[in-house]
Amino acid sequence: MHHVVMNPYLPLWEYIPDAEPRVFGDRLYVYGSHDYSGGEQGFCPGDYMVWSAPLNDLGDWRCDGAAYKRTDAPDMKGEKDGLFAPDVVQGTDGRYYLYYNTKYSASCGVAVSDRPQGPFSFYGSVRCADGKVYEQEKMFDPGVLVDEDGRVFLYIGFVPPADYPYPIPTTGYSSVLELEPDMLTIKGSSKMLLPGSEKAKGTPFEGHGFYEASSPRKINGRYVLVYSSEQSHELCYAVSNRPDEGFVYEGILVSNADIGLNGNPCPVMPYGNTHGGLVQLHGDWYIFYHRQTHGVESSRQGCAEKLPIRPDGLFGQAEITSCGLNDGALPAEGRYNACYCCHLTSPAMKNGRLSARGNLREQEPHIFEEPVGTEETDALHYIANITDGTVAGYKYFDLSPAKTLTLRLRGSGAVSVKVILDSPAGAAVSERTAELKGEWSEWTLPLEETGVHALYIRFELEGRMEFESFSFGSYVDGINENGIMLGGMRDEAERRKNDE
């Protein structure tokens, strides 16, 4: 059985941002930090959880438990400390090395395992030749490259904007250090690499200077360094013929709000920071990144997109979609959770990017998780706080087999729903007004379209409501004059039983 895979690619109850994708053997592994639903604990409060999927079925994800716990890290400083974005590479000795930095430490911790999924055990902190732990700069967001000749390079850096609220010592550049074959000891000295926002002025990096999230790869004999720019919602990249100097800015790989795509200036999703890396799968290159949920910056989920190739052979900017790793349009069959949207806009969204220092949950529509049991997986996911003019969009569906679209909604009062294809500003191909009465209910619209399309659903109402899922049907029989599918009004218990 081949599984359909979507964005986010992990279960909706899992929050693994800052993903570094790595292929080891016949599996794709994702190494990231660990947020929680709601984001009240801030960035990266959880243990490192390693997820993987077989290369022949990228929808069949598996987690083997905590690969490296907070309690395993001797450099953690109290309950409010966090395990920030990690990276994992295979050393020349065949073992797997996990590099990480914590919230309150300058040093870079290293853990090791005989297996790519861990568990990892603390190995040491990156150190100088004299054995002293290297703390001359904050070794933020470490990214590691093991070259074909066995040389090891560690890329680090955090260059905040001038108005950053906390004092951070910085050279204004990211850094690179070469490591000895022990994967721990610095060989030579740190070298400045990519310019931050101030140093980037007057250079090709201007407007896209280095901020954080170094992620190196070697592709076709050239060194490619992915990073989060001063814009923070975008991942950019630079290319060089050498691993430690001469990097040239080449453009944007992805924005988690599609800003900059084909000149687009407006966010198509609630947005904040992002972090990720490159991986080649079945001959195509993908960029991994993350999105925000819960109206706050610090409750993030991993996504991935196939990269377009420019005429010069380098990467263009990817469009954010709902299908991501699926390598093609999603089938218009069965039920899909509303939280797989790649477009969520509303006239209520007037505050720009999200922040970890306050949430906009009461002001804006957002992806939300409602606990319904004692286990982490016992949760209901839906788009919450939908107000008049909210549009939820999904790219892309092959609508050929579908004849109906059934929405699962909760709210009170009259709601008008319009189904629009290809552009959120387009004309409705189907619409219906219904009265919601406070409980989850389902009602159905005809959908007489074929081919591959972006699917947008526009809501018009006076109050607020929630949108849990939509499903496609193959028959139009059984829809009454009010647009209600006969037998379609189901309570939660019956819905779950039928879905199973």
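The shown structure was predicted, so the numbers you read here are calculated from the model rather than taken from an experiment.

### Section: the overall build of the chain
Move 1: When its secondary structure is counted, the chain shows one helix and 30 strands.
Move 2: Its C-alpha atoms give the chain a radius of gyration of 23 Å, near enough to 23 Å, the size a compact globule of 500 residues would have.
Move 3: In the chain, which comprises 500 residues, the proportion classed as buried is 58%.
Move 4: Pairs at least 24 residues apart make up 60% of the contacts formed inside the chain by residues separated by at least 6 positions.
Move 5: Of the roughly 20,200 Å² of accessible surface on the chain, a fraction of 48% belongs to carbon and sulfur atoms.
Move 6: Counting 44 positive and 71 negative side-chain charges, the chain places the averaged centre of each group 3 Å from the other.

### With respect to the sheet that holds strand 15 (residues 234-240)
Move 1: With antiparallel pairing, four strands are arranged side by side in an open sheet as 13-14-15-16. One side of each edge strand has no neighbouring strand; the edge strands of this open sheet are strand 13 (210-219) and strand 16 (248-255). Strand-to-strand twist in this sheet, taken as the mean axis angle between neighbours without regard to direction, amounts to 25°.
Move 2: When strand 15 meets strand 16, the two strands line up antiparallel, connected through six bridges. The residue of strand 16 that forms the bridge with Leu235 is Val254.

### Quick notes on the pairing of strand 25 (residues 391-398)
Move 1: Burial analysis of strand 25 places six of its eight residues in the buried class, which makes it a mostly covered element.
Move 2: Taken together, the two bridges between strand 20 (residues 330-331) and strand 25 define a ladder with parallel strand orientation. Paired with Pro331 across the two strands is Asp398, which belongs to strand 25.
Move 3: The pairing of strand 22 (residues 343-345) with strand 25 spans three bridges and is antiparallel. Its bridge partner being in strand 25, His343 is matched across the sheet by Gly393.
Move 4: With six bridges connecting them, strand 25 and strand 29 (residues 452-461) associate as antiparallel partners. Note on strand 29: the bridge partner recorded for Gly393 is Tyr456.

### Quick look at unusual backbone geometry
Move 1: In this chain, Asn7 is followed by Pro8 through a cis amide linkage whose omega measures 0°.
Move 2: Residue position: Pro8 is located in the segment before strand 1 (20-24).
Move 3: Cis geometry marks the peptide bond from Lys395 to Tyr396; its omega dihedral reads -5°.
Move 4: The backbone phi angle of Ser232 is positive, close to 70°, even though this residue is not glycine.
Move 5: Tracing the sequence through the fold places Ser232 in the loop between strand 14 (222-229) and strand 15.
Move 6: Here His282, not a glycine, exhibits a phi torsion of approximately 55°, which is positive.
Move 7: Positionally, His282 belongs in the loop between strand 17 (278-281) and strand 18 (284-293).

### Looking at the environment of Val415
Move 1: Among the secondary structure elements, Val415 is positioned in strand 26 (residues 404-421).
Move 2: On the basis of relative accessibility, which here comes to 1%, the residue Val415 falls in the buried class.
Move 3: For the pair formed by Val415 and Leu436, sequence separation is 21 residues and the distance between their alpha carbons is 7.1 Å.
Move 4: Dropping the residues within four chain positions of it, Val415 is found in contact with Arg432, Thr433, Ala434, Leu436, Trp443, Phe459, Glu460, Leu461 and Met465.

The rules we used
- Residues numbered from 1 in each chain as written.
- Predicted model: local features only at pLDDT ≥ 70, side-chain atom pairs only at ≥ 80, totals over all residues.
- Heavy atoms only, no water.
- Helix = DSSP H or I, 4+ residues; strand = E, 2+ residues; numbered from the N terminus.
- Rg over C-alpha atoms; globule rule 2.2 N^0.38 Å.
- Buried < 20%, exposed > 50% of the residue type's maximum accessible area, 1.4 Å probe, protein only.
- Contact = heavy atoms within 4.5 Å.
- Areas by Shrake-Rupley, 256 points an atom, 1.4 Å probe, with all protein chains shown as cover.
- Lys, Arg positive; Asp, Glu negative; His and termini not counted.
- Charge placed at Lys NZ, Arg CZ, Asp CG, Glu CD.
- Pairing = 2+ DSSP bridges.
- Axes fitted to C-alpha atoms, helices over the stretch in contact; angles between N-to-C directions.

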